[in-house]
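# Structural overview
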Amino acid sequence: MSYAIETEGLVKVYKQRWTKREMRAVDGISLKVEPGATFGLLGPNGAGKTTFVKMLLACSHPTSGRAMVFGKDSWIPESRRSIGYLPENHRFPTYLTGAGMLDFYGALSGVDAATRKVRIPELLDMVGLDRWGTTRLGKYSKGMLQRVGLAQALIHEPKLLVLDEPSDGVDPVGRKQIRDILHRLEEKGVTIFLNSHLLQEVELFCRDVAIIRKGKVALEGTVKDLTSEGGYRVDVEHVSDNLAAELKSRAKGVVSNNGTLQFLYNTREEANKAFDTVRAANCEVTAMTKASSTLEEVFIRTVEQK
Amino acid sequence: MVTLALILDTVREAMARKVFWAFFFASSAILLFFMFIMHVDVVNGMVASMTIFQARGHVNGNMSAEKLVQNAQGGLSVFLYTVGMGLAIFASAGLISAVFEPGRVELVLSKPVGRTKILLGRYFGNLVIVAANLFYLTLGVWVIFGIKVGVWRPHILLASVVTLFMFSVMLTFILLTAVLWESAAVSIIATFALIVISGVLAAKSMLERLLSSEFSRDVVATLYYALPKIPDGGNILRLVIMGQPVDSWMPIWSTALFGVIALGSGLWIFSKRNF
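Fair warning: this is a prediction, and the values are worked out from it, not measured in the lab. (Residues numbered from 1 in each chain as written. Chains lettered and ligands numbered in written order. Predicted model: local features only at pLDDT ≥ 70, side-chain atom pairs only at ≥ 80, totals over all residues. Heavy atoms only, no water.)

### With respect to the interface of chain B and chain A
In this complex, chain B contributes 28 residues to the contact, which on the side of chain A involves 31 residues. In this assembly, chain B packs against chain A so that about 2600 Å² is buried in total across both faces, 59% of it on carbon and sulfur atoms. Considering only the surface of chain B that becomes buried against chain A, Leu107, Lys111 and Pro112 of chain B emerge as the three largest contributors, covering 25% of it. Linking chain B with chain A are two salt bridges. Between Glu101 of chain B and Arg91 of chain A there is a salt bridge whose closest N-O contact spans 3.4 Å. (Contact = heavy atoms within 4.5 Å. Buried area = accessible area lost by both parts, 1.4 Å probe. Salt bridge = Lys/Arg side-chain N within 4 Å of Asp/Glu carboxyl O.)

Here it is as C-alpha cells:
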C-alpha cells in the first residue's frame, strides 16, 4: 500500500555559511500517514515542524532520507499534483482578486480553464466569499485570506491537504466553518495533514498525531490512545494525615488541588478499595472518575521530557 | 498553460505596480508629440518646413526627409537604449525578486511545476512587458513618420531588437543576483555596477596601453570578453540606424554567451535553494 505521506529517516541540517556550525532542524523523522487519515503534527516552536512540511513540499532539500507522497518522491513535480497546501504566514499577491488568485493557482496546479471557471464560484461559495470574488486580496481581512487560501488549496481537488495553522486569525465562526469544510473533505476520503499549535483544534479534528521535539518524533499514536491514561482517580477532602498516607501507599500518584487530594490508581478494584477506606473513616469521596489527559497535558509532558 | 499563467501573472503584477502604465503613458506622450505637435512639410523628398508648437523651425536648406527620419530614429533609439533600458532595469528588479518573498515562494513551489519553469515564466513575463512597450513606441514612431514624411525606414525596428536583446541579457543578470540575494535593491546596484564596468572596459585598447603589467592587461582583456558589451552594443545600434554595415558581431554573441551563463547559473542556484 502506498501511504499518503511516507518519510524515511528524513534529515535536514542547516550549516551556517561562515562559521560552518551545524543545526539539525529535522533529525531522522520516519513517519507514515495512511490515505484518508486526519493527522496532526505538533511540536513547540523550533521543533522542526515547518522544515518537515517544507521538505514534503519540495521547498527545502533533505540532507538525507526521503519523503514520498502517494508513493512518489516529493521532489518530482508530478507528486505535488495530489497536494493542496495552505502555508502559514502566506503572502498572496494583493494585486489579484479572490477569483483571479484561484484562477492563477488553479492553472499552476494543472486545472484547465473550463474546469476553473466552474470550480472557482463553487469554492468561493464554500468558504463564504462568494460576494468577494471580484475584490482585490489587498482588501481582505486576515480571516478572509485564510478562507480564500483554503479554497486555493482545494482548487485542483487534491487527495492530500497540508494545512499550516489554518485557523490563524480566523474568528470562532470562521473556525467552525473551516472545521466543517475539513470534515466534509474527510468524509470524501481526503487525507488531511494539520500543522497547528492549537492543541484543542487538533484534538477536536485529528485522529492521529505525532509530537516532534528537537527534530525527532517524540510521541506518535491516535489521539484516543495518547489521551487515555488507563487509570482511575479518587478525589477526597478533609482527610487526616494518616488516612492520606494510607491512600497514597496504594496509589500510583497523588495531586493536591485547592484542598482536594486526587489519588490515581491503576485498576478499578484499587480505586474501589480506596473508596471503602475513605467511607470507613467517615470521610467523603467528592468524585471518582476514569482518568484521562487532555492532548495539551500529553503535549507538555512530552516536550518537557529531559 | 503553466508557462502562460506565469507570464500573465508577471504582466498583471507589473500593471498593478503601475510600471506597465508608466511606460505606456510615457510612450504614448512621445507618439502624441510626433503625431499632433510636430508638423513636417516635405517637397520633392526635401524638408521644406517643420513646426513644433506652432513655431516654425529653421530647417537646413538641403535636409532630406530621409535624413530627418534617420535623425529622429537615431535620437529615439539612443534614448531607449540608455534611459529606457535604465528604467526597465529599475522596474524589473522588483518583479523578479518578488518571486522569493517568504510566504509566496513556498506556495508556488508547492504546485506541480518545476523550479526552472517558475523562474523562466517570470523572466519571459518581464521580457514581454518591456518588448510590448518598446515595440509599441518604435512601431508607432515608424508608422507616424511613414505617413507624415513618406519615408518608411525599418531601421528603428531593427534597433529595437538590439535594445531588447541587451535588456534580455541584463535581465539574466538581474535574475541571477535576485536568486542570490533576494533583494531588488541589490539587483539594481549590481546591474548598474555591471553597466559601469562594461563602460570602462569598452576603452580596452586605451587601458591596455596604460597598464604596464602583462597580468593587468590579461585581466582587462578577460573581463572585456567575459562581460556584456553595452557600449559596443550601442555602437552596433548606431550603425543599424545609419544603415551602415556592422564590422563585427562579436559584442553581440559574446554578450549572448554571458546571458546564457548568467541565466543557467540563476536557474541552477534556484533549483538548489532551500526556502
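### Structural notes on the side chain of Gln152 of chain A
Among the structural elements, Gln152 of chain A can be located in helix α4 (residues 142-154). Look at Gln152 of chain A and you get buried, because its relative accessible area is 0%. Discounting residues that sit within four places of it in the chain, Gln152 of chain A has contacts with Tyr85, Phe92, Met101, Leu102 and Tyr105 of chain A together with Leu107 and Lys111 of chain B. (Helix = DSSP H or I, 4+ residues; strand = E, 2+ residues; numbered from the N terminus. Buried < 20%, exposed > 50% of the residue type's maximum accessible area, 1.4 Å probe, protein only.)

### Focus: the environment of Gly9 of chain A
Residue and element names in this part refer to chain A. Structurally, Gly9 can be placed in strand β1 (residues 5-15). For the pair formed by Gly9 and Leu31, sequence separation is 22 residues and the distance between their alpha carbons is 8.6 Å. When neighbours within four sequence positions are excluded, Gly9 is seen to be in contact with Gly28, Ile29, Ser30, Ser64 and Gly65.

### Let's talk about the sheet that holds strand β9 (residues 208-213) of chain A
All names here are of chain A. Spatial strand order, β6-β7-β8-β3-β9-β10: six strands in an open sheet with mixed pairing. Each edge of the sheet is formed by a strand with only one pairing partner; in this case those strands are β6 (83-86) and β10 (216-222). Between one strand axis and the next, the sheet turns by 15 degrees as a mean value, whatever way the strands run. Helix α10 (residues 295-303) rests against β3 (38-42), β9 and β10 of the sheet, and its axis sits at about 30 degrees to β9. (Pairing = 2+ DSSP bridges. Axes fitted to C-alpha atoms, helices over the stretch in contact; angles between N-to-C directions.)

### Describing the packing of helix α2 (residues 19-37) of chain B against helix α3 (residues 65-97) of chain B
All names here are of chain B. For the pair α2 and α3, the least separation of the axes is 11 Å and the interaxial angle reads 165 degrees. The angle between α2 and α3 places the two elements in the roughly antiparallel class. Read as a crossing pair, α2 and α3 show a hand that is right-handed. Between α2 and α3, the residues in contact are Val19, Phe23 and Ile30 and Leu76, Phe79, Leu87, Ala88 and Ala91, respectively. For the contact of α2 with α3, the residue count by class is eight nonpolar, no polar and no charged. (Parallel < 35°, antiparallel > 145°, perpendicular 65-115°, else oblique. Left-handed = near helix turned anticlockwise from the far one by under 90°. Nonpolar A, V, L, I, M, F, W, Y, C, P; charged D, E, K, R; others polar.)

### Quick word on the pattern of salt bridges
Residue and element names in this part refer to chain B. All told, the structure shown has 20 salt bridges over all chains when counted by the stated rule. For Arg17, the salt bridge identified is with Glu13, shortest N-O distance 3.0 Å. For Arg17, a relative accessible area of 36% translates into the label partly exposed. Taking the relative accessible area as the measure of exposure, Glu13 reaches 3% and is therefore buried. For Arg217, the salt bridge identified is with Glu214, shortest N-O distance 3.0 Å. Within this pair, Arg217 and its partner Glu214 are both found in helix α9 (residues 214-226), separated by three residues, close to a single helical turn.

### Section: a nonpolar patch on the surface
The grouping of Trp249, Trp253, Leu257 and Ile261 of chain B at the surface amounts to a nonpolar patch, some 490 Å² of accessible area in total. Tracing the sequence through the fold places Leu257 of chain B in helix α11 (residues 250-272). (Patch = residues over 30% accessible without salt bridge, like charges linked within 9 Å, V, L, I, M, F, W, Y side chains within 5 Å. Areas by Shrake-Rupley, 256 points an atom, 1.4 Å probe, with all protein chains shown as cover.)

### Focus: the confidence of the model for chain B
All names here are of chain B. Mean pLDDT over chain B stands at 91; residues scoring 70 or higher make up 97%. The spread of mean pLDDT over the elements of chain B runs between strand β3 (residues 55-57), the lowest at 66, and α11, the highest at 96. With pTM at 0.84, the complex prediction returns an ipTM value of 0.84. (pLDDT = per-residue confidence, 0-100.)

### Observations regarding the packing of aromatic side chains
Summed over the entire model, instances satisfying the criterion amount to 20 aromatic pairs over all chains. For the ring pair Phe92 of chain A and Tyr105 of chain A, a centre distance of 6.4 Å and an interplane angle of 65 degrees mean the geometry is edge-to-face. Taken together, the positions of Phe92 of chain A in the loop between β6 and α2 (98-108) and Tyr105 of chain A in helix α2 put the pair 13 residues apart, joining distant regions of the chain. Taken as a pair, Phe92 of chain A and Tyr105 of chain A share a single burial class, namely buried. Seen in terms of ring centroids, Phe24 of chain B and Tyr136 of chain B are 5.0 Å apart; in terms of plane orientation they differ by 20 degrees. Their pairing is stacked. Of this pair, Phe24 of chain B sits in helix α2 while Tyr136 of chain B sits in helix α5 (residues 115-149), placing them 112 residues apart in sequence. (Phe/Tyr/Trp six-rings, centres within 6.5 Å; stacked < 30°, edge-to-face > 60°.)

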